[in-house]
Amino acid sequence: MTEHPSYTSWTEKELAASLSRFPERYKTFYHHGGAEIPRLSVPTSIGQDYDEKIGFPGRYPFTRGVQPTMYRGRLWTMRQYAGFSTAAESNKRYRYLLDHGTTGLSVAFDLPTQIGYDSDHAMALGEVGKVGVAIDSLADMEILFEGIPLDKVSTSMTINSPAMVLFAMYVVVAQKQGVATEKIKGTIQNDILKEYVARGTYIFPPRPSLRLITDIFRWCGKNTPLFNTISISGYHIREAGSTAVQEVAFTLANGVTYVKTALEAGLELDHFARRLAFFFNASSDLLEEVAKFRAARRLWARIMKDLGANKPASWMLRFHTQTAGNTLTAQQIDNNIVRVTLQALSAVLGGTQSLHTNSRDEALSLPTEESVRTALRTQQVIAYETGVANTVDPLAGSYFIEELTDRIESEAVELMAKIDQAGGVVACIEDGFIQRQIEHSAYAYQREIESGERIIVGVNKFQVEEESRPPLLRVSPEVEAEQVDRLQQLKASRNNDQVDQCLSSLRSAAQNDGELMEPVLACVREYATLGEICDVLRQVFGEYRDRQ
């Protein structure tokens, strides 16, 4: 059932009346270059089938978007994923991005941080600060956000297994800035299930990892009402080689698992569901990507209704998008600007709430400032020059888009049913079912490229001899030594007796099924390191070993 009364026809006049509560610029038409452009295109006669299947933006099933005015009311958040070297260097990059029009930060952490190792651990050797910023303790997080008021900026953090620890550091930094906890805004990725099948930065086995995630849901529900507690990620599933249908099916199946786990822990669905967010890939088949986003939104709305959610905010699939890293080529890198532009356009046409655009040189190295600026300008040109943000869901009504939306949804439902029949997501991870599905798709895609059936411009067709490489950003080998030295100084100067006491309290809570966020916050405030906190949890929970 829909939220509004049933009807058999909705004319443009009636639609205008329904939008009359919005400011002038949101209403049915606006005047541009002598032409009247519809704010929202609808058929002159709308029956119940259309209403239940397509509906209106801001209304169940949200096929056409989660807000009634979409980008007429507010543009998507323009994020640029950034982080490298030390916290001080990354802070400079964040300030640069904010000065050039970025409206949200997105933090990339280095590999040791992502898997819960301090920079002085043997496993961190050679990786410190390479693919993201090294964060060992609260001291690093304080430097990372120095001079950036956390009540004014929305921050996304790509961190999963140790998400609770990094989020605790962020909370304490905000408190030290004098920012009330309930005012911080942003998202932690916190999606461990996709790590087991697509990305690999896991620490603990699935079941204790789900416990950590549920504890974050519970704590954030009481303390950070504006912060998204999880970003359920299809992005990495697609990067690993999945199809669009698999991206939708596996992502939403993971989402259902998180919801059911939280319900089993006694959390109230409508209380935590509105803080669930999603993260999708924008790949190169523009129309398929638009349909994918619409299908995912509609399917999630129906799933949440079936699970018992009663509030419209609980039915909404709100998502961040990143353009497809696996489509970037080392050959003819300027072609990547074109690829990213079209991928970003698909995300906007599909109704994203937040967007990151990759830089042209990321197939070769970390992006230079010039490349990052071009990537950001790509979003700004789409927003302010193309006109696609002037009307809601501009591709709706296309026979092809609507048929493709139906097909993607139908095939995703079928695949999700197979997962349910096999015992659910965790069982399918342990069995390797999901991993095999992705591997088969990745293999088929690569075979198409190698056979020439799929053309990648500049790679298997239209090649040219390239005489030189563009300037590349490299992380100095001295960064690791500098980071390790800072860490050793911290351990020597802090109150180690207090650190040991806090770590002991955390161990006790983990062993006795206690809530973990407050003990972690206590450890962070005493400058216990990421590695020390994760090691306590490793001792209690064990470490995951891939059986495949």
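Above this text sits the structure in question.
Note on numbering: residues in each chain are counted from 1, in written sequence order. The predicted origin of the model limits local features to residues at a pLDDT of at least 70 and limits the giving and counting of side-chain atom pairs to 80 or more, whereas totals for whole chains, interfaces and linings rest on all residues. Computation of side-chain values covers all heavy atoms of the structure but excludes hydrogens and water.

(A) Focus on the sheet that holds strand β6 (residues 185–188). Pairing between strands is defined by DSSP: at least two bridges between them are needed. We count a stretch as a helix when DSSP gives it H or I for four or more residues in a row; a strand needs E for two or more, and each element gets its number in order from the N terminus. Reading across from one edge, β7-β6-β5-β4-β3-β11-β10-β9-β8 is the order of the nine strands in this open sheet, with parallel pairing throughout. Every interior strand has two partners, whereas the edge strands, β7 (227–228) and β8 (230–233), have only one. As paired elements, strand β3 (residues 77–82) and strand β4 (residues 104–108) share four bridges and run parallel to each other. Bridge assignment links A82 to a residue of β4, and that residue is V107. Across the sheet, helix α12 (residues 286–306) touches β9 (276–282) and β10 (319–323), and the angle it forms with β9 is around 160°. Contacts: residue pairs with any heavy atoms within 4.5 Å of one another. To obtain each axis, a line is fitted to C-alpha atoms, and for helices this fit is confined to the stretch in contact; angles are then taken between N-to-C directions over 0 to 180 degrees.

(B) Expanded view of the pattern of salt bridges. Criterion for a salt bridge: a side-chain nitrogen of Lys or Arg within 4 Å of a carboxyl oxygen of Asp or Glu. A full pass over the atoms with the stated rule returns 29 salt bridges. Note that D334 and R360 form a salt bridge whose closest N and O atoms lie 2.5 Å from each other. With D334 in the loop between β10 and α14 (335–349) and R360 in the loop between β11 (354–356) and α15 (369–385), this pair connects stretches of sequence that are 26 residues apart. Relative accessibility decides the category of a residue: with a 1.4 Å probe and only protein chains considered, values under 20% of the type maximum give buried, values over 50% give exposed, and everything between is partly exposed. Its relative accessible area of 46% is what places D334 among the partly exposed residues. When salt bridges with common partners are traced through the structure, they connect K53, R298, R302, D406 and E409 into a single cluster.

(C) Expanded view of the packing of aromatic side chains. Here the aromatic set is Phe, Tyr and Trp, taking the six-membered ring for Trp, and pairing holds for ring centres within 6.5 Å; pairs whose planes are under 30 degrees apart are stacked, those over 60 apart are edge-to-face, and all others are tilted. A complete count under the given rule lists 18 aromatic pairs for this structure. Between Y170 and F227, the aromatic rings sit 5.9 Å apart at their centres with planes inclined by 55°, giving tilted as the arrangement. With Y170 in helix α6 (residues 163–176) and F227 in strand β7, the pair connects residues that are 57 residues apart, well separated along the chain. An identical accessibility class is assigned to Y170 and F227; each is buried. Three or more aromatic residues joined by ring pairs make a cluster, and in this case those are Y94, F145, F167, Y170, W219 and F227. The ring of Y60 carries K305 above its face, with NZ or CZ at 4.1 Å from the centroid. Comment: the charge-over-ring label is applied if NZ (Lys) or CZ (Arg) is within 6 Å of the ring centre and within 35 degrees of the ring normal.

(D) α12, seen in detail. Each helix should span, by expectation, one fewer than its residue count multiplied by 1.5 Å. Over its 21 residues, α12 extends 31 Å from the first C-alpha to the last, a length consistent with the 30 Å expected when each residue adds 1.5 Å. When you tally the buried positions in α12, you get 16 out of 21 residues, the bulk of the element. Of the residues one or two after α12, G308 is the one with positive phi, at around 105°.

(E) Spatial organisation of the state of the cysteines. Criterion for a disulfide: a pair of cysteine sulfur atoms at a distance within 2.5 Å. The final tally for this structure, using the stated rule, is zero disulfides. No disulfide involves C502; its sulfur sits 5.2 Å from that of C523, the nearest cysteine. For C502, a relative accessible area of 10% gives the class buried.

(F) Expanded view of helix α16 (residues 399–421). For α16, spanning 23 residues, the distance from its first C-alpha to its last is 33 Å, which sits close to the expected 33 Å at 1.5 Å a residue. Residues I401, E402, L404, T405, I408, E409, A412, L415, M416 and I419 constitute the buried set of α16. Packed against the buried residues of α16 are α10 (244–264), α12, α17 (425–431) and α18 (433–451).

(G) Expanded view of the pairing of β10. Across the five residues that make up β10, a large majority, five, are buried. Alternating residues of β10 divide into F319, T321 and T323 and H320 and Q322, and every residue in both groups is buried. Direction of pairing for β9 relative to β10: parallel, over a ladder of five bridges. By the bridge assignment, F280 is partnered in β10 with T321. As defined by bridge partners, β10 adjoins β11 across three bridges and the pair is classed as parallel. Across the sheet, the residue bridging to T321 is L355, located in β11. If you view a crossover with the strands going away from you and the path from the first strand over the helix to the second runs clockwise, you call it right-handed. Assessed by its sense of winding, the connection that carries the chain from β10 through α14 to β11 is right-handed.

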